[in-house]
Amino acid sequence: MAPPHIMVIFGASGDLNRRKLIPAIYSLYRDGLLPEQFTVLGLDRQELDDEAFRERLDGDCREFLGTDPDAVAWQSTLQSVYHMTVDVTDPDMYPRLAERLAEMTGAGGLVPNFLFYLATLPRFFAGITAGLGRVGLLDEAGGNWRRVIVEKPFGHDLQSARDMNRQLHEVMGEHQIYRIDHYLGKETVQNILAFRFANSTIEPIWNRQYIDHVQITVAESIGVGGRGRYYDQSGALRDMIPNHLLAVLSIVAMEPSNSFNADAIRDEQTKVLRAIQPFSHDEVLTSTVRGQYGPGMQADGTHIPGYREEAEVAPDSKTETYAAMKLMIDTWRWAGVPFYLRTGKRLPGRYTEVVIQYKHAPNIMFRDSLLKRENVPPNTLVLRLQPDEGIGMNFNAKIPGHALNLGTVQMNFRYDDYFEHAPATGYETLLHDCMTGDATLFKRADNIEAGWELVDPVMEVWSALPVHDFPNYAAGTWGPAAGEQLLARDGRVWHACEACRADVT
Ligand code: BG6
């Protein structure tokens, strides 16, 4: 159960609040994880009183509560919510907010522990925290806690991330800052730690002696929807790689920590990010790929517009909607094992997976048979993070019959077959962890900066060398040909997603 506190959400009229935060609070109520003394104060520019705000949320959030929501938990959620009309750029607003919170905790009898959630555009983050700091709302001297959750994107390059870290540190301690990466809230991502470190058979073969290479794919079938303005500034690289893909990579590649303490785990994750070989400018040309989708076709023949035709995207945009790269990690465990990362919009399916491809068996036994070593596929372990959550191991078996023929078969674990889990947004764990002061699944300043350090040279080269071949893949296909060549040059191929249907929507 979380301790009593007030959660203050900046940007309460935004998409994140209605899709993720309020539904996550509902799930926490449903699961009995919120205390009686829990209140949400939603802040935005809209002139609404508490009742009107609740009515709006009631309409806006229902579709995100799953089928057959628990009516009691939903009523508790709505009744816990209050509204305040604010302009975050107005310095006079912060004393008013302090007053409102003082009323709630004084006459209102609530406990003055505060969780501030910054769900606004990133350009307001520094101003908001400075404002909170000025009026003493981040001061923990009285014995009550004050925490701030900062949404992504955390900066747009190394320098801006450093600046933001410095600005936040001016008004609060690192232990008060919770930089969120919703991938770390996914059960299947957390399960990588359990899979690796709670099974004695896995970890001994999780290294360069046995593993040929690792692939991490985050494929999305959606386009940029209503987010054209943001996305056209950001692109696939910034939007996904320094945060989500590197979060997954750091869990796959980290050394075991000696405890489950937040800093012990995050030390190991940062160490592995720091051990990634930095790209020289020349290596950016050979080890990274960018793409942009043009018009394409859905499986049923429906036309899908190209990226440049999306709303609020420049008609000659050079922004990438696909990014892939090959990384090498300079550690004893991973020396010589490439990690291939790729992500893109408007690919043929939505799935996130990690593929651990093992080395070829020597196959000495089969040398007199017609089988050639290269025809006996190596074992692959596929961690399916979403949506078909599970783990599959592909291995070779003898096909029944007189001749010695081998075929690849699969051992398959599906979460749904073993565990029941109620619908969740992925934010429940993260919110609850912050409420209880557990920062393990949040990013530390050094971890964020290590991610940007890696992608900064890529962004420099990409912006210095404008592309001439965009769009270079059709919506509904697997990205540009160069994405395939990145692996083909090393004699490898991307693992084909078994569950993917050609259902670009
Ligand atoms: C967000 C990106 O952080 O993650 C989006 O800004 C992307 O562009 C999304 O679509 C993917 O998240 P998920 O949980 O759907 O894989």
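Up top you'll find the structure we're talking about.
Residues numbered from 1 in each chain as written. Predicted model: local features only at pLDDT ≥ 70, side-chain atom pairs only at ≥ 80, totals over all residues. Heavy atoms only, no water.

Asker: What is the right way to look at the state of the cysteines in this model?
Answerer: Within this structure, the stated rule accounts for zero disulfides. We note that C61 lacks a disulfide partner, and the nearest cysteine sulfur, in C434, lies 20 Å from it. (Disulfide = S-S within 2.5 Å.)

Asker: Got a minute to help me understand the pairing of strand 14 (residues 351-358) in this structure?
Answerer: Regular strands have side chains that alternate between both faces of the sheet. With eight of eight residues buried, strand 14 lies mostly within the body of the structure. On strand 14, burial covers both faces: Y351, E353, V355 and Q357 on one face and T352, V354, I356 and Y358 on the other are all buried. Relative to strand 14, strand 7 (residues 211-219) runs antiparallel, the two sharing eight bridges. Across the sheet, H213 pairs through a bridge with Q357, a residue of strand 14. Alignment of strand 14 against strand 15 (residues 380-386), held across six bridges, turns out to be antiparallel. For T352, the partnering residue across the bridge sits in strand 15 and is Q386. (Buried < 20%, exposed > 50% of the residue type's maximum accessible area, 1.4 Å probe, protein only. Helix = DSSP H or I, 4+ residues; strand = E, 2+ residues; numbered from the N terminus. Pairing = 2+ DSSP bridges.)

Asker: Looking at this structure, I do not really get the site of the ligand. What am I missing?
Answerer: Taken together, the residues surrounding the ligand are K152, H182, Y183, K186, E220, R227, D239, M240, H244, K345, R350 and Q386. In this structure, K345 approaches the ligand through a side-chain N or O atom, which is 2.8 Å from an oxygen atom. Relative to its unbound accessible area of 400 Å², the ligand is 84% covered by the protein chains. At three residues, helix 8 (residues 228-253) tops the list of elements feeding residues into the shell around the ligand. Tallied by class, the residues present in the shell around the ligand amount to two nonpolar, three polar and seven charged. (Near = heavy atom within 4 Å. Polar contact = N/O pair within 3.5 Å; in protein donor to acceptor, adjacent residues only side chain to side chain. Areas by Shrake-Rupley, 256 points an atom, 1.4 Å probe, with all protein chains shown as cover. Nonpolar A, V, L, I, M, F, W, Y, C, P; charged D, E, K, R; others polar.)

Asker: Can you walk me through the pattern of salt bridges in this structure?
Answerer: Note on pairing: side chains with opposite charge can pair once their charged atoms come close. Scanning the entire structure with this criterion turns up 31 salt bridges. A salt bridge links K152 to D239, with the shortest nitrogen-to-oxygen separation between them at 3.0 Å. Here D239 lies in helix 8 and K152 lies in the loop between strand 5 (146-150) and helix 6 (158-171), a separation of 87 residues in the sequence. What makes K152 partly exposed here is its relative accessible area of 21%. Residues E220 and K345 are paired through a salt bridge, measuring 2.7 Å at the closest nitrogen-oxygen approach. With E220 in the loop between strand 7 and helix 8 and K345 in the loop between strand 13 (338-344) and strand 14, this residue pair connects regions lying 125 residues apart in the sequence. Each of the salt bridges in this network shares a partner with another, and the network as a whole consists of D263, R266, D267, R444 and D446. (Salt bridge = Lys/Arg side-chain N within 4 Å of Asp/Glu carboxyl O.)

Asker: How should the environment of P457 be read in this particular structure?
Answerer: As for its placement among the helices and strands, P457 is situated in helix 13 (residues 445-464). The class for P457 is buried, based on a relative accessible area of 13%. In this structure the C-alpha to C-alpha distance between P457 and P278, which are 179 residues apart in sequence, comes to 8.3 Å. For P457, the residues in contact, after removing those within four places along its chain, are F279, H281 and V284. (Contact = heavy atoms within 4.5 Å.)

Asker: Help me understand unusual backbone geometry, please; the structure alone is not making it clear to me.
Answerer: Backbone phi values are negative for most residues with the exception of glycine, while trans is the configuration of most peptide bonds. In this model, K152 is joined to P153 through a cis peptide bond whose omega is 0°. Assignment of secondary structure puts P153 in the loop between strand 5 and helix 6. Each neighbour pair has its own omega, and for Q386 with P387 the value is -5°, a cis peptide bond. As for its placement among the helices and strands, P387 is situated in the loop between strand 15 and strand 16 (390-399). A positive phi angle, close to 55°, is found at D68, a residue other than glycine. Residue placement: D68 occurs in the loop between helix 2 (50-61) and helix 3 (71-79). The class of D68 is exposed, set by a relative accessible area of 74%. The phi dihedral of R346 falls on the positive side, at around 60°, and the residue is not glycine. Within the element layout of this structure, R346 appears in the loop between strand 13 and strand 14. According to the relative accessible area criterion, R346 is buried, its value standing at 8%.

Asker: I keep staring at the packing of aromatic side chains and nothing clicks. Help me out?
Answerer: Here the structure, examined in full by the defined rule, presents 17 aromatic pairs. With a centroid separation of 5.1 Å and 85° between ring planes, the pair formed by W334 and F339 is classed as edge-to-face. Each member of the pair, W334 together with F339, is buried. Note on Y351 and W478: the rings are 5.9 Å apart at their centroids and 80° apart in plane angle, and the pair reads as edge-to-face. One end of the pair, Y351, is in strand 14; the other, W478, is in the loop between strand 18 (473-474) and helix 14 (481-488), with 127 residues separating them in the sequence. Ring pairs connect the aromatic residues Y231, Y293, Y307, Y322 and Y473, which therefore count as one cluster. Stacked on the ring of Y82, the Lys or Arg R54 has its end atom at 4.9 Å from the ring centre. The ring centre of W145 lies 3.9 Å from the NZ or CZ of R147, which sits over that ring. (Phe/Tyr/Trp six-rings, centres within 6.5 Å; stacked < 30°, edge-to-face > 60°. Lys NZ or Arg CZ within 6 Å of the ring centre and 35° of its normal.)

Asker: Could you clarify how one ought to interpret the sheet that holds strand 4 (residues 114-118) in this entry?
Answerer: Consider a sheet: its strands pair through backbone hydrogen bonds, and that pairing is either parallel or antiparallel. In space, the six strands of this open sheet follow the order 3-2-1-4-5-6, with parallel pairing throughout. The open sheet has two edge strands with one neighbour each: strand 3 (81-85) and strand 6 (177-179). Shown here is a sheet whose adjacent strand axes are inclined to one another by a mean of 20°, direction ignored. Pairing analysis gives five bridges linking strand 1 (residues 5-10) to strand 4, with the strands arranged parallel. Bridge pairing in strand 4 places I6 opposite F114. (Axes fitted to C-alpha atoms, helices over the stretch in contact; angles between N-to-C directions.)

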